[in-house]
Amino acid sequence: GRELYKEGNYKQAVDVLLSCELAETDSIAAEWLVASWFLSGDIISAGNYFKAIPDSILPSNLWNWKARTSFSAGSYDDAVLCYSKLVQTDSLNVNYIRQLAIAAEKNEQPELAILNYEKALTLNPKDVISGTRLIDWYLRKEELLKADSLSASLMTADSLPELCRLRGDVLYRLKEYEQAFIAY
């Protein structure tokens with residue numbers, strides 16, 4: 001199963017791994033199985049696997065897969081819990097913090113989302129994904145000076161179109177029309 005997984009033959013890896021009798025303590029094989037389901041697009045099987053295992057005995061190497069599976073299945077409340085657990089265990093992981101923010105945003109928890117986008121940017125000031133999402137939140141909340149400062153700090157010659165649009169929106173709302181036109 002491991003070789004098939006490494007080769008990217010995820011459906012075949014699932015078949016082989018399911019034909020083996022995996023020990024409950026074999027978290028590496030379980031990770032290959034869940035990853036193979038996830039990467040082959042079978043989110044339902046991956047989700048069912050996690051429903052069958054209590055969180056209290058879920059091996060640490062499977063929390064990221066549970067978070068990804070929950071998010072992909074639209075279970076944002078569960079994704080928030082999983083990413084929160086991951087952030088607790090690795091508080092400097094910008095990816096986990098950003099994913100927690102995105103899951104919180106999808107779960108209609110804007111304050112948690114904003115808090116974690118800000119944490120992600122504290123750890124990596126050039127995190128454009130967190131930055132653009134945070135600028136968007138600042139605009140929604142009419143916090144124009146925060147949006148201005150952050151958008152200016154993230155702008156580069158090769159900025160993403162989304163960032164350029166947000167920067168233009170900020171400048172337009174600040175009545176700096178000429179600069180807004182340039183940013184757009």
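Just so it is clear, the structure is predicted and the values come from calculations on it, not from any experiment.

1. Quick notes on the overall build of the protein
Broken down by element type, the protein carries twelve helices and zero strands. Over its C-alpha trace the protein gives a radius of gyration of 20 Å, far above what one expects of a compact globule, namely 16 Å for 184 residues. Structurally, the protein occupies a C-alpha span of about 65 × 30 × 25 Å along its principal axes. A buried classification covers 41% of the 184 residues belonging to the protein. Taking the contacts inside the protein whose residues are at least 6 apart along the sequence as the reference set, 38% of them involve residues at least 24 apart. Averaging the locations of the 19 positively and 26 negatively charged side chains of the protein gives two centres separated by 3 Å.

2. A closer look at the environment of Glu-7
You can see Glu-7 is positioned in helix α1 (residues 2-7). In this structure, the C-alpha to C-alpha distance between Glu-7 and Trp-63, residues 56 residues apart in sequence, is 23 Å.

3. Considering helix α7 (residues 94-106)
The terminal C-alpha atoms of α7 lie 18 Å apart, and with 13 residues this matches the ideal 18 Å at 1.5 Å per residue to within 8%. Counting buried positions over the 13 residues of α7 gives eleven, a clear majority of the element. If you follow the buried residues of α7, they end up packed against α5 (63-72), α6 (76-89), α8 (110-123) and α9 (128-140). Where α7 begins, one side-chain oxygen reaches toward the backbone nitrogen of Asn-95, 3.0 Å away; that side chain belongs to Asn-93. Looking one or two residues beyond α7, the residue adopting positive phi is Glu-108, at roughly 60°.

4. Notes on the pattern of salt bridges
Evaluation of the coordinates by the stated rule reveals eleven salt bridges. In this structure, Arg-133 engages Glu-105 in a salt bridge whose closest nitrogen and oxygen atoms are separated by 3.3 Å. Of this pair, Arg-133 sits in helix α9 while Glu-105 sits in helix α7; the two residues are 28 residues apart in sequence, bridging distant segments of the chain.

What counts and what doesn't
- Residues numbered from 1 in each chain as written.
- Predicted model: local features only at pLDDT ≥ 70, side-chain atom pairs only at ≥ 80, totals over all residues.
- Heavy atoms only, no water.
- Helix = DSSP H or I, 4+ residues; strand = E, 2+ residues; numbered from the N terminus.
- Rg over C-alpha atoms; globule rule 2.2 N^0.38 Å.
- Buried < 20%, exposed > 50% of the residue type's maximum accessible area, 1.4 Å probe, protein only.
- Contact = heavy atoms within 4.5 Å.
- Lys, Arg positive; Asp, Glu negative; His and termini not counted.
- Charge placed at Lys NZ, Arg CZ, Asp CG, Glu CD.
- Expected span 1.5 Å × (residues − 1).
- Polar contact = N/O pair within 3.5 Å; in protein donor to acceptor, adjacent residues only side chain to side chain.
- Salt bridge = Lys/Arg side-chain N within 4 Å of Asp/Glu carboxyl O.

That's the geometry; what it means functionally is another story.
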